Structures are given as C-alpha cells and as structure tokens.
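Structural features, examined
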Amino acid sequence: MDLLEVQKLCKTYGSGETAVNALRDVSFAVPKGEYVAIVGESGSGKSTLLNLIGALDTPTAGKVLIDGKDIFSMDDRQLTVFRRRNIGFIFQAFNLVPELTVEQNIVFPLLLDYQKPDKKYLEELLTVLNLRERRDHLPSQLSGGQQQRVAIGRALITRPALILADEPTGNLDSQNSSDVIRLLKEASKKYEQTILLITHNRSIAQTADRLLQVTDGSLTDLGRCRA
Amino acid sequence: MKSYLSLIPISAKVRRRQNRITVLCIALAVFLVTGIFSMADMGVRMETANARRQHGNYHIALRGLPEEAAEKLAARRDVAAVSVSESLNTDISLDYTVAGKKAGLIGSDESWLTDTFAYLSEGRFPAGSGEAVLSENAKAVFGAELGGSFTLHTPTGDFSFRISGFEDDGSAARYDAILVCLDRAAFEQVRAANGAESAPEFFVRFRPLTQIRRAISEIKSQYGLEEGQLAENLVLIALSGFSENSVVLGMYGAAAFLFVLVLTAGVIMIAGSLNSNVAQRTAFFGMLRCLGASKSQIMRLVRREALYWCRSAVPSGAALGVAGSWGVCAALRYGVGGMFSGIPLFGVSLPGILCGVLVGLLTVLLAARSPARRAAAVSPVTAVTGNAESKATRPARLGPWRVETALGLRHAAASKKNLLLMTGSFALSILLFLSFSAVLAWIHYALNPLRPSSPDLSVLSGDGSNAVSGELAAELSAMPGVKRSFGRAVQRLEAEWEGGGGSLFLVSLDDRQLSWAEKEGWTVDRRGLERVRREENCVMSVYSEGSPLQKGARLQIGGESLEVACSCAYAPFDGGGTPVLLCTEALFSRLTGESGYAVLDLQLEKDATEEQVAALRAAAGELLLSDRRAGNRETSATYWAFTILVYSFLAMIAAITVCNIVNSISLSVSARMRQYGAMRSVGMSGRQLMKMITAETLTYALCGLTVGLAAGLPAHKMIYESFITAYFGEAWKVPAGAALVIAAFVAAASAAAVYAPAKRMRSMVITETINEL
C-alpha cells in the first residue's frame, strides 16, 4: 500500500499578473519504506512540494494523503498532532532550539505530546547518531554535522512513518553529508520509514531508491535509479 | 541612492511593522511630556489669574509709611503701580452696622478696588464722599441696589451714602457681615469721627522682569522697614518666578520629575526595541562590515535610523499632547468648575511642545547609544558563517514544568537585563500606584466639604453660646429648599480624669451625625460607637496625639462618671488644642442642662433658590448665617483637581508599563519567530506556543508584582502613617482594594501583551518563518 499519495497538487503565490505557479498538477505515490530523492533547479518548486506534503503550507488545489488520511481535511489542532506523531522534519538550517540540550532537543516532539520518552530507544538513537558524549551540550557547542545529527534524532524519536528532509546536507562537508545520508538510510530500513529528501547533490541523489525531478513546478518521475 | 544612509528610509519601509511599536513608544513619550508641561503651563496661567483675583495683583504691601511715600514709590523705575487702602473694623469686632448687620470699612483709591484687587463686580468706584461700594451680599440682606442709599451706623454717629457699585471678595457672605468701600476722603471722615488710628497700606506692583528680590531689599533699606512692615504677596511673587519655596515651584518640580520619569521609561522602552532590532540583524551588520562599512558608519546608521522614527513620532506625539491638554482643560473648566472656570481652553504652550520634542530626541539618542555600539561591534565573520542566532549559554531546566512552560520561563530568564527592566517597570508602577492611593486617602480625610455631612449653610450663635433654639431649628428645617438639618451644642466644661484634669469641650451630636461617624469613617470602632449611641455614660473622644482621653479612659464631669468608649479621627468641631468629647444630645443636656445648639448645619436641596436662602437668612434673625456653598465648591474643585492629577498620572505610568511589556513580548516573539516556526513544524500546537509566550509574560508580571508589592506596601504604610495616622489616628491596614486593582491591572497588561503576538502566531505561515534569512 502507498504511504504517501499526492493528487493534482497546485500551489500559486500571488494573484493576477504577478501570480507565480510554484507547483502545477503534481501527482505521485510513494510506498511504505521507500527512500525518494527530489532534485531540481533552485526555485523549481521542490521545497514548496515538501512543505505542502508536511502540511506546513496549504495548497491552492489538490490533495495529500498520508496513510490514507487527507491531511488538508484536518483542522489546525488535529494537523499539529498528526504532524508531530507521523512526520519527521529535517531542515538545511537544522532549526534546533538553542536553549535545549542535545537530548532535550531530540525528545522535544515527545515532550510536546506530553509523553515519556522511551529510554532504550533514546539511547539507541544517541548511539547510532554518535551523540552519546554530547547529550548535555547545547546546539551552539556543536559542529554543523553534529547539529544535523541531532535534527535527525529529533525526526526519528517519534518513529514517524514519513521523514521529510529539505537539503539536510546543504550546510555540511562531504564526510558529514555521507554520514547523515547513511544514518537516514539505515533508519529507513530499520524502522520501515518512508523518506522524501531534497538534494542538489548528484551522488546523494544516486543513493535513493527512486528519483523525482521538479522543473518549473512540474514533476517528472525519473524512476528507480538503481537495481 | 546617494549615500549608504539612504538605506534608512528603504529599510524603514520594509520593517514598518517591527518599528511600529517603537514609533508608538516615542510618540507616547512625546505626548506625555507635551501634555504634562502644557497642563503645568495652563495651570500656572490659571493660578496667576486666580491669584490676581484672590490675593491681589501686587507684589508687596507696606505699612507704617507716610502718605507721600506712595508718590516716591510710584516714581521708582521698577514699579508699575502703587495703590493705597485703609481698613476699619474688618474683624467686625466693633459696633459698625448696616441694616442690622455688622459692617467692615475699606477706604482706598480707585486702582486698589479695580486693579490691585479686582473686586468691583458691578457699578463704579465712589465718585466723591457721598458714594460707597457695598459687598454683593447686601443685595440679599436688605435689597440694596445701584443708585439706592443706605446708612452706616458707627459708634459715634450715622453716615449716609449712595450705592455706586458692588464688590465681591467672597469674605462678607462667609462672615455674614457687610463690607463698605469708600474713597479715601469719605473714609477719612468716618475714621476721624470715630477717633480710629490712620494706618494706610501701600500695595506695590513691580514691572515685569524686575529682579523682585533685589527691589524688595532696596525698598527695605531705603525706608528702614522693620519685620512686619513689609508683607510679600508670596503667591504672585512665586508666579513671577521669584520665589524659593512655593506652589508653583512645586508644580514645575512635579512636571520636571515627570519629565525625568517619562524620559527614563522612554529610554528603557526604546533601548529595548533598538537592542532587539540590532540583535535580529546581526548578519546584516556583519554583511555591511564585510562590504567595507566602518564601525563609525554602522553607529551612524543605527543612530540615524532611530532618529528617522522621530520624523513621524515627534510631531504626532506633540499634536496629541496639545490636544490632550485641551481635553483636560475642557474637563476641568466645564466638568469641575470652581477655581478652574478660568483655565484657558485652547492654550498652546510653547514650553510644553519644546519639552515634548526634546524628550523625543533625547530618548532616541540616549536609547540608541548602546545598540549602536553593539551593532558596530558585530564581526564581519557573522555574515560569512550566517551564525547570527542568539546563543544560549546555559541549558533550560525543565523541572516540574511541561516543556512549553519551561521554555517560556527560560526565555524570560534568559536575559537578566531584560528581566530586570521588565520587573522594574512593573514594580515602579505598583509602587507609584500604592503611594498615590495613600495620598488619595489623605485627600479624602483632609478635604471635608466632600463628606455627606458637609453643610451648605450654618446658623451660628457667633459667640459660642448654644443660642440656636430647638424651635428655630425645627422651623428652619421645615422651610422650603432645606433638605436636612442637624445641630451641635458645645459647652466648655471642667473635668477630672486619672492623673489630671482640665477643661474640655463637650459637643453633642444627633443620631444622624452619629450614623455618619460610622459611614464617613470618623472611626472604625463600630462597637465603641454603638456604646456611645446606646449607653448613658459613654462618650467619644477626638483623637489627638498624646491626649490622656483615649479609648477606655474614665473621667468625671459635674459628679457624673463617664467612659471614653471610642476615639475618632475626625469631628465637625475643632477644639484648638483643648480636648474634645462627643456625646449624644441626651447626655449633653443631662450634663449641661442646655437644649439649644451652637451650630445648626443646613443642607439644601439641589434646586434651592437664592430666594429660599434669603428667606432662611431672614428667619435666622439676629443669628449669623454662614454661607459655605462657594467655599465648598472651591474645595470640591481642589479635590477633583488633585484626583484628576493623581489618576492621570497613574494612567500615564500604567500606559507606559503596558506599552513596555507589550513591546518587550512582541520583540521577544519577533526575535524567536524562526524558532517558533521550527517548533511548529516538529509538532508544537498553536496552544502550546501561546502557553510558552504566556509563561514568559507571567514571569515578568509576577516578578514585578512581588517586587512592587514588597516595595509599595511599606511605602503606602509610611505615607499613611505620617499623613493619616499622625493627624487622624486611623491605623494603617493592608490596602486590599488597591492590591486587587493592581492584580487586575497586571493581569490585563499581561493579557494585552500576549494578545498581539497570539494574533500574529495564528496567522503565522510556518514555511515563511523557517526559511527567512
């Protein structure tokens, strides 16, 4: 069964002569556990697509179904809860809470859900992400790669079905980039998570199960990139 | 773009919303100062006019000089006018009468009655010895009219005059006497016939800009004047700006104090927003430095940017201030009246506007100092690394709180300086509020015409005897126009008490006055008061410090043993240092055998006419009828002026505080917008976000409340004890009402502070905030 189904998604910014069609009639589906890379020029509409799938923004037309649920039919409160339980976000700029330690940042979505973190899983994540030694550090005391690993931890802690990553390696060197991608892939395999990842990096795109290209708001499925 | 400074209007256009509150703060500061100083200016103008009318338009009065001194004085270059007057029997102690009423005599030159004291209300100054000006109340007393005639009875004979005019100095009605103003020749005849001494007084008015102090000492040495020969008209001298200790200095002092206060509050507010403005744009300043801007250029940019806000804020604040002062003047003139009926309505005060503009520019320049330095200190590397976000140095402790609350608390405590400023701002408001509420309580005690027991008219025996009979009292209270009447009998008695004895005043109160004693708060001792009303031998003493007749004391009067059942803070009788005891009418007549009253107070219906008052006056016959209505109006005007002043002051402080907290929270939210966006994207709900902001706001509010009450309650106690307990004996108690008002204010300010960001948050598009640079 498809975990994610995008149907005829449109997004237009502005109106009249200044209207910009960021997305035009985009449709595709992603089965559970698949790792999909989205590529495209700057300004082609990749981030808009990702933001719409994550319900951070509202579409002009079209539907997004996650696990069969139409996310835009939910009200803001339901959507917030849905997002924090089912979607993990990873941003290029990390977006960690500066006042919280590594550990607190990772369990932050659970705390927002008033849940107790699963200690064993947290330890496992910290180990996998190689952050055990740094658990009490603040984001400002970490390198870029470490911060992005914290962000990955935060995205994984709720065991979401879908992980959306918007150029997670954009601010990282090649070593850190490959570490981050490796971690994401391992997680996706281990926990059967679906990953949508935006990247400009060809070699990272090549590691995905499937490649989608966005050009001027239109999507082309480049198909599976490896056997 | 002509220079890098052209960036300012461009960036101002883009950042209009962020700058809006800062501009509002500057405008508010300018508005407050312009308003305050304009009001002070109008107040001084009104006081000058009132003082000229009430105290006379002269600076010094000289006695015991020969007649020709007037000419010599008038010849001085610094003297604008000299007038002369003499008086006879103005203390109404001798047997001068007009139409059966006691009469006082004034003999003066024309300028004294028309210029020095502008008392002439109708007609003209007596032309020749056969004419006289009478006090206004003569119309009511014997139907005097212009052109009519009257006879002045003096101990040595009668003098007849034609009435050329009326004067209104306000004193005649109060003393129930008639004032007769004559020219100097006519006065001389009466004086000589009665063998009174001649004692002319010379009233000197100096020219504007005269160094009054120097002129006075010159005149003193020229005429060899001794202490008592020269009287200064302090009020007018003060209004001319030459007094060292006066109401006017107080008024300017208060305005100056407010100026400093508003300046401080303004600097705090604007510095706060500038600081956060700079902090949010670290990367931008770093970029400018990268592109080659020098430190001094960055400082200039920040300062100019701040001054740019003044362009719209200062004129609008000043205009609002002037309009505000017009509003207050109109309210005082038509709403309060009395002494305010002379306040200028559409006066524009140049000093007020100048002070407002000054405060606007000063606040901005002072406030821009440290942010400008901070902006200049930004390293160019921040632009390269993009690492412009505020860095936390200590992790947040979650403790027992939920994560959103803990983060809110952490945000409040993150900047010690900010927390201190916010706490201080709240605490200052609370401290001032409590201090002023104590002052208001004092005004309530001190200005008694506002009491329900304040009479409009009083019928007095005049000699302190209880000559107002019960029958007359009944007759008067039944007359039309009288709402209610209540009398007091007074007797000086010898008494003995433990450890001493002496004379005291025993004053009777009827049941109505005893019930007011409780309602008006003369005493809080209800049980004691009830005993005074019910028990035969219980009296109430009027509190005076160190008096032996406190609650519980026992004393003997004429063989009867009495007990002081309670003491009260206020009584409608002043013993002038002799102890005063209050008792029921029954006890009074048992002890003294008297049944009349020394004073019968009358309260009139709202629509009582002057004819009805004249009928009352006629019915009172030989007794004095003191008309207190004008005085009551004045006192009530004073009370309202004080109240309006105190409350508008409080309102201003409150406005500044609310603005400050709203601004701070809004800035704090703006600075963290991107962070909030990220939190929203990982699952924080709008409600949780609100809780976080509320927690931050409440931290400031509660800290402020605690510090404010800790400082304000002792201040309230101190003021209360030194103004009220010391004079009226009322013990201090926790001002629960005021505390409730404060709590409500703090809650409202917090709600206002959370409201705007809440609205913004609801419309927040997550993607915009997380992706903005």
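This report concerns the structure included in the present document. Within each chain, residues carry numbers counting from 1 in the order of the written sequence. Chains and ligands are labelled sequentially in the order written, the chains with letters from A and the ligands with numbers from 1. Under the rules for a predicted model, residues below a pLDDT of 70 receive no local features and side-chain atom pairs below 80 are neither given nor counted, while totals for whole chains, interfaces and linings still include all residues. With hydrogens and water set aside, each side-chain value is computed from the structure's full complement of heavy atoms.

1. Things to note about the overall build of chain B
Secondary structure follows DSSP: runs of H or I at least 4 residues long count as helices, runs of E at least 2 residues long count as strands, and numbering of each begins at the N terminus. Scanning chain B for helices and strands turns up 26 helices and 21 strands. Per-residue burial over chain B gives 51% buried out of 773 residues. Within chain B, residue pairs in contact and separated by at least 24 positions form 79% of the contacts whose partners lie at least 6 positions apart. Carbon and sulfur atoms form 58% of the exposed surface of chain B, whose accessible area is close to 35100 Å². Summary of the burial criterion: residues with accessible area below 20% of their type's maximum are buried, those above 50% are exposed, and those between are partly exposed, where the area comes from a 1.4 Å probe applied to protein chains only. Throughout, a residue-residue contact means that at least one pair of heavy atoms, one from each residue, lies within 4.5 Å. For the accessible areas, the method is Shrake-Rupley and the probe is 1.4 Å, while residue cover comes only from the protein chains on display.

2. Topic: the overall build of chain A
Per the secondary structure count, chain A includes seven helices and ten strands. For chain A, the proportion of its 227 residues judged to be buried stands at 55%. Counting every atom, chain A has about 9700 Å² of accessible surface; 46% of that belongs to carbon and sulfur.

3. A look at helix α15 (residues 403-414) of chain B
Side chains that are three or four residues apart share a direction in an α-helix, a result of its 3.6 residues per turn. Residues and elements named next belong to chain B. Along its twelve residues, α15 runs 16 Å from first to last C-alpha, staying within 8% of the 16 Å computed at 1.5 Å per residue. Most of α15 sits inside the fold, with nine of its twelve residues counted as buried. Of the residues making up α15, those classed as buried are V403, E404, T405, A406, L407, G408, R410, H411 and A412. In this scheme, a helix's expected span is set at 1.5 Å multiplied by one less than its residue total.

4. A few points about the pattern of salt bridges
By convention in these notes, a salt bridge is any Lys or Arg side-chain nitrogen within 4 Å of a carboxyl oxygen on Asp or Glu. All chains considered together, the criterion is met by 35 salt bridges over all chains. With a shortest N-O distance of 3.2 Å, R629(B) and E610(B) are connected by a salt bridge. With a gap of 19 residues between them, R629(B) in helix α22 (residues 629-671) and E610(B) in helix α21 (residues 610-620) connect regions that are remote in the sequence. With a relative accessible area of 16%, R629(B) lands in the buried category. When salt bridges with common partners are traced through the structure, they connect E103(A), E123(A), R132(A) and R135(A) into a single cluster.

5. Topic: the packing of helix α4 (residues 119-128) of chain A against helix α6 (residues 174-191) of chain A
All names here are of chain A. At a closest axis distance of 11 Å, the pairing of α4 and α6 adopts a crossing angle of 145°. For the pair formed by α4 and α6, the contact residues are Y121, E124 and V128 on the first element and L183, E186, K190 and Y191 on the second. Following the grouping adopted for this structure description, the nonpolar residues are Ala, Val, Leu, Ile, Met, Phe, Trp, Tyr, Cys and Pro, the charged ones are Asp, Glu, Lys and Arg, and the polar ones are all others, Gly among them. Split into classes, the residues belonging to the contact of α4 with α6 amount to four nonpolar, no polar and three charged. Fitting a line to C-alpha atoms yields each axis, with helices limited to the stretch in contact; the angle taken between N-to-C directions then spans 0 to 180 degrees.

6. Topic: the sheet that holds strand β15 (residues 500-509) of chain B
Residue and element names in this part refer to chain B. Around the barrel, six strands lie side by side as β14-β15-β19-β16-β18-β17; this closed barrel has mixed pairing. Direction aside, neighbouring strands of the sheet carry axes that sit 45° apart on average. Two strands make a pair as long as DSSP finds a minimum of two bridges between them. As paired strands, strand β14 (residues 490-497) and β15 are joined by eight bridges and run antiparallel to one another. Bridging from a neighbouring strand, V490 pairs with V507 of β15. Each of β14, β15, β16 (538-542), β17 (554-557), β18 (560-568) and β19 (580-584) is contacted by helix α20 (residues 585-592), which is oriented at about 110° to β19, the strand it contacts most.

7. Overview of the side chain of S108(B)
Mapped onto the elements, S108(B) comes out in strand β4 (residues 101-108). In contact with S108(B), not counting residues within four places along its chain, are V84(B), S85(B), L113(B), F125(B), L182(B), D183(B) and R184(B).

8. Observations concerning the side chain of S503(B)
Residues and elements named next belong to chain B. Examined against the element boundaries, S503 turns out to sit in strand β15. Residue S503 is classed as buried on the basis of its relative accessible area of 18%. Within polar-contact distance, the side chain of S503 engages the side chain of R492 at 3.4 Å. Ignoring sequence-local partners within four residues, the contact set of S503 consists of R492, L493, E494, T578 and P579. As used in this structure description, the phrase polar contact means that two N or O atoms lie within 3.5 Å; if the pair is within protein, one of them must be able to donate a hydrogen and the other to accept it, and residues adjacent in sequence are counted only when both atoms belong to side chains.

9. Here's the deal with α6(A)
All names here are of chain A. With 18 residues, α6 extends 26 Å between its outermost C-alpha atoms, agreeing within 8% with the 26 Å of an ideal straight helix rising 1.5 Å per residue. Among the residues of α6, the N-terminal cap falls to D173, whose side-chain oxygen and the backbone nitrogen of Q175 are separated by 3.3 Å. Count one or two residues on from α6 and you reach E192, which has phi positive near 55°.

10. Considerations on the packing of aromatic side chains
Ring pairs (aromatic) are described by centroid distance and by the angle formed between their planes. Residues and elements named next belong to chain B. Here a pair means two rings of Phe, Tyr or Trp (six-membered ring of Trp) with centres within 6.5 Å. Their orientation is stacked below 30 degrees between planes, edge-to-face above 60, and tilted elsewhere. Going through the model one piece at a time under the given rule, you end up with twelve aromatic pairs over all chains. Seen in terms of ring centroids, Y58 and F117 are 5.7 Å apart; in terms of plane orientation they differ by 50°. Their pairing is tilted. Here F117 lies in the loop between α4 (110-116) and β5 (120-123) and Y58 lies in the loop between α2 (16-55) and β1 (60-63), a separation of 59 residues in the sequence. In this structure, Y58 and F117 share a single accessibility class: buried. Relative to F117, the ring of W112 has its centre 5.0 Å away and its plane inclined at 50°; by these criteria the two rings are tilted. Under the relative-accessibility criterion, F117 is labelled buried at 8%. Ring pairing ties together the aromatic residues Y58, W112, F117, Y119 and F203, which thus form one cluster.

11. Some details on the environment of A140(B)
Relative to the helices and strands, A140(B) is located in helix α5 (residues 137-142). With 477 residues separating them along the chain, A140(B) and R617(B) place their C-alpha atoms 8.7 Å apart.

12. Let's talk about the pairing of strand β2 (residues 20-31) of chain A
Residues and elements named next belong to chain A. Strand direction decides the pairing type here: strand β1 (residues 2-13) and β2, joined by eight bridges, are antiparallel. Across the sheet, K11 pairs through a bridge with L23, a residue of β2. Connecting β1 to the antiparallel partner β2 that follows it, the hairpin turn spans six residues, and G14 within it adopts a positive phi of roughly 75°.

13. Side note on unusual backbone geometry
Residue and element names in this part refer to chain A. For Y114, which is not glycine, the phi dihedral falls at a positive 55°. For Y114, the position within the fold is in the loop between α3 (102-112) and α4. We note that D216 has phi near 50°; this positive angle belongs to a residue other than glycine. Checked against the element boundaries, D216 lands in the loop between β9 (210-215) and β10 (218-224).

14. Things to note about the sheet that holds β10(A)
Residue and element names in this part refer to chain A. What the six strands build is an open sheet, ordered β6-β7-β8-β3-β9-β10; its pairing is mixed. Edge strands, defined here as strands with exactly one partner in the open sheet, are β6 (87-90) and β10. Put simply, the sheet's adjacent strands are angled 20° from each other on average, direction ignored. Alignment of strand β3 (residues 35-40) against strand β8 (residues 194-198), held across four bridges, turns out to be parallel.

15. Considering the interface of chain A and chain B
In this assembly, 25 residues from chain A lie in contact with 32 residues from chain B. Throughout, the accessible surface (probe 1.4 Å) given up by two parts as they are put together, summed over both, is called the buried area. For the pairing of chain A and chain B, the buried interface totals around 2600 Å² over both sides, and the portion due to carbon and sulfur atoms is 60%. Summed over the shared surface of chain A and chain B, the result is zero salt bridges. Taken together, the connections running from chain A to chain B amount to six residue pairs in polar contact (both at pLDDT 80 or more). Residue assignment for the side of chain A that touches chain B shows that the elements contributing at least two residues are α2 (76-86) and α3 of chain A. It is α3(A) that contributes the most residues to the side of chain A that touches chain B, five residues altogether. Of the residues contributing to the side of chain A that touches chain B, the split by class is 13 nonpolar, six polar and six charged.

16. Topic: the environment of I216(B)
All names here are of chain B. Looking at the element boundaries, I216 is found in helix α8 (residues 212-223). On the basis of relative accessible area, I216 is assigned to the buried category, the value being 3%. Residues I216 and E232, spaced 16 residues apart in sequence, show a C-alpha to C-alpha distance of 9.0 Å. Here I216 is in contact with I60, F206, L230, E232 and I237, once residues within four sequence places are set aside.

Geometric descriptors of this kind do not, in isolation, establish any biological role.
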